[in-house]
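Read off the chains here:
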Amino acid sequence: MKWEVYEVSSPVRHYTGGRFHTTGEPFPLIDPVDGRTVGTVPEADRATVDAAVRAAREALSGPWASYTAADRARMLHRIADGIEARFEEFVAAECADTGKPRELAAAVDVPRGVANFRAYADLSVSRGEQAWHTEAPEGRGALNYTVRKPLGVVAVVAPWNLPLLLLTWKVAPALAMGNTVVAKPSELTPSTAHLLAEVIDAAQLPAGVFNLVHGHGADAAGAWLTGHPGVDAVAFTGESATGSAIMRAAADHLTPVSFELGGKNAGLVFADADLEAAVAGTLRSSFTNSGQVCLCTERVYVERPVFEEFAEALARGAREVAYGPMVSAEHRDKVLGHLRRAAGDGRVLAGGGAPEFGDARDGGFWVRPTVLAGLPEDHPAVREEIFGPVVHLAPFDTEEEAVALANAGPYGLAATVWTGDLARAHRVAPRLDVGIAWVNTWNLRDLRTPFGGVKASGIGREGGHHSLDFFSEPMNVCVRI
Ligand code: NAD
Ligand code: 6OD
């Protein structure tokens, strides 16, 4: 079989104070499809992180301070135009870094990067503020109104699974509200963030308003940035354990945090569901981006009368689904470790293990889409986030039991309910301990809606006005009249 080889069009560099540079030791950038090195990334030292934060602070009192909300919105649209103008370069860079299929990057990652800038530009200018008339004791009145001010310097730390989408999901609302930003993408997937810096530079955003540093997380650029005393807020997407580490670092300076963390999302399939749609939907929800989406379904509970039929159809679909590699050798090994243990303790209905291609892809980090069954609920493969193309199936007998199974465990990001009974849909969905529930669909996104998780899946909500609220400070002005 032939596969596409993607190249990154521009070498990855830091962007601080309006200047591109490669300060720091370079480390290799690997294409997960075949394991070949596609470039190098400069590892930011502490001085580079300090310089980025300093540039961001200085920019708060530069020309950016006099931009109106409408000026900022126009700038965001200009950035969106710039991404669109270099669409194919962004797609190629996303594919080279992540190994994801071109169709996915071209249909989801890059268009959503554009949409994030446009959506927050439009929302921020159509925003109103609250006002209250107050009766004063002397008989005259007062008018209270709320003013929203930027927080200051915002640190944005992003993961590797949807690199451009998740970075811009935070950068766009932060800029829309007048903040300055220091962003750090994942060390595994820095290329689209670099292209974004080039687009922002060409759009002539004032120097220092957007800064980009590259490097690793723990004891490196990520930790130095999120624990930096010059940072006024941290917006982070990644693993729950990393969220805890960032929170500890941020605590020293009482820095506010917004966290989108891990998940172990459940699907519930009732016997009254359109089974064909439930199978197709579950294939999509479990195997999109090879399961490397925080919203992916890793546990499916199926009402007993249709369990065997559903399991058979899902296993058949899993054998045919198109898929890409895991992002790194380390992540591939973690997923394969789960599969080895699960194979000993339960049943493998499809997939299991790594494929053999007999070509250069054998140097990459592939795992076959896998359907498991028969594991106890406290098994690591059922309880822990795998973040790979692996789904476990188990039967249930009552609606009550289905809800309890879905709600078990430490996470609470998303869930999907498949049912043909409207009353059941409205009864079950709000009882799920998650931030996002879908009924008869998956990952249908409206960017204005609240996005985030409960329990170990996050702190706070992003999306629409939730993001604009996080990235600004409300202040009350009371005027005697
Ligand atoms: P990760 O937590 O390992 O890394 C995310 C980012 O944090 C990277 O840029 C990394 O360099 C940085 N980082 C790591 N340690 C750090 C530290 N101590 N201090 C500061 N920064 C640090 O996550 P990942 O492996 O890149 O991404 C996969 C995880 O992200 C999964 O758990 C997944 O569920 C989660 N995720 C959640 C959402 C959501 O919206 N809830 C979305 C996407 C991914
Ligand atoms: O669609 C989004 O806005 C979003 N935040 C998706 C997150 C996916 C996690 O991997």
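Residues numbered from 1 in each chain as written. Chains lettered and ligands numbered in written order. Predicted model: local features only at pLDDT ≥ 70, side-chain atom pairs only at ≥ 80, totals over all residues. Heavy atoms only, no water.

Caption draft 1: Focus on the sheet that holds strand E22 (residues 472-480). Across the sheet, three strands lie side by side as E5-E6-E22; this open sheet has antiparallel pairing. Edge positions in the open sheet fall to strand E5 (131-135) and E22, since each of these has one partner strand only. Direction aside, the axes of adjacent strands within the sheet are offset by 25° on average. Two elements, strand E6 (residues 141-150) and E22, share nine bridges in a ladder whose sense is antiparallel. Bridge assignment links Val 147 to a residue of E22, and that residue is Met 475. (Pairing = 2+ DSSP bridges. Helix = DSSP H or I, 4+ residues; strand = E, 2+ residues; numbered from the N terminus. Axes fitted to C-alpha atoms, helices over the stretch in contact; angles between N-to-C directions.)

Caption draft 2: Quick look at the site of ligand 2. The full set of residues close to ligand 2 is Arg 112, Asn 161, Leu 162, Leu 165, Leu 166, Trp 169, Val 293, Cys 294, Arg 445 and Phe 451. Here an oxygen atom of ligand 2 sits 2.7 Å away from a polar atom, N or O, in the side chain of Asn 161. For ligand 2, whose unbound accessible area comes to 310 Å², protein coverage reaches 97%. The element that contributes the greatest number of residues to the shell around ligand 2 is helix H5 (residues 163-176), accounting for three residues. Of the residues belonging to the shell around ligand 2, the class tally is seven nonpolar, one polar and two charged. Each of two domains, domain 1 (14-261 + 457-480) and domain 2 (265-446), supplies a minimum of three residues to the shell around ligand 2. (Near = heavy atom within 4 Å. Polar contact = N/O pair within 3.5 Å; in protein donor to acceptor, adjacent residues only side chain to side chain. Areas by Shrake-Rupley, 256 points an atom, 1.4 Å probe, with all protein chains shown as cover. Nonpolar A, V, L, I, M, F, W, Y, C, P; charged D, E, K, R; others polar. Domains from an automatic or database assignment.)

Caption draft 3: Up close: the environment of Lys 100. Here Lys 100 is to be found in the loop between helix H3 (87-98) and helix H4 (102-125). On the accessibility criterion, Lys 100 (3% relative accessible area) is buried. A sequence separation of 64 residues divides Lys 100 from Arg 36, and the C-alpha atoms of the two residues are 15 Å apart. Discounting residues that sit within four places of it in the chain, Lys 100 has contacts with Glu 94, Cys 95, Ala 105, Asp 109, Asn 161, Leu 162, Pro 163 and Asn 289. For Lys 100, the side chain forms a polar contact with the side chain of Asp 109, separated by 2.7 Å. A polar contact is formed between the side chain of Lys 100 and the backbone oxygen of Asn 161, at a distance of 2.9 Å. (Buried < 20%, exposed > 50% of the residue type's maximum accessible area, 1.4 Å probe, protein only. Contact = heavy atoms within 4.5 Å.)

Caption draft 4: Up close: the pairing of strand E10 (residues 233-237). Counting buried residues along E10, five of its five residues qualify, which places the element largely inside the surrounding structure. Of the two faces of E10, the one lined by Ala 233, Ala 235 and Thr 237 and the one lined by Val 234 and Phe 236 are each fully buried. Both strand E7 (residues 153-157) and E10 contribute to a ladder of four bridges, which runs parallel. Bridging from a neighbouring strand, Val 154 pairs with Ala 233 of E10. Where E10 meets strand E11 (residues 257-260), four bridges bridge the pair, whose relative direction is parallel. Along E11, the bridge assignment pairs Phe 236 with Phe 259.

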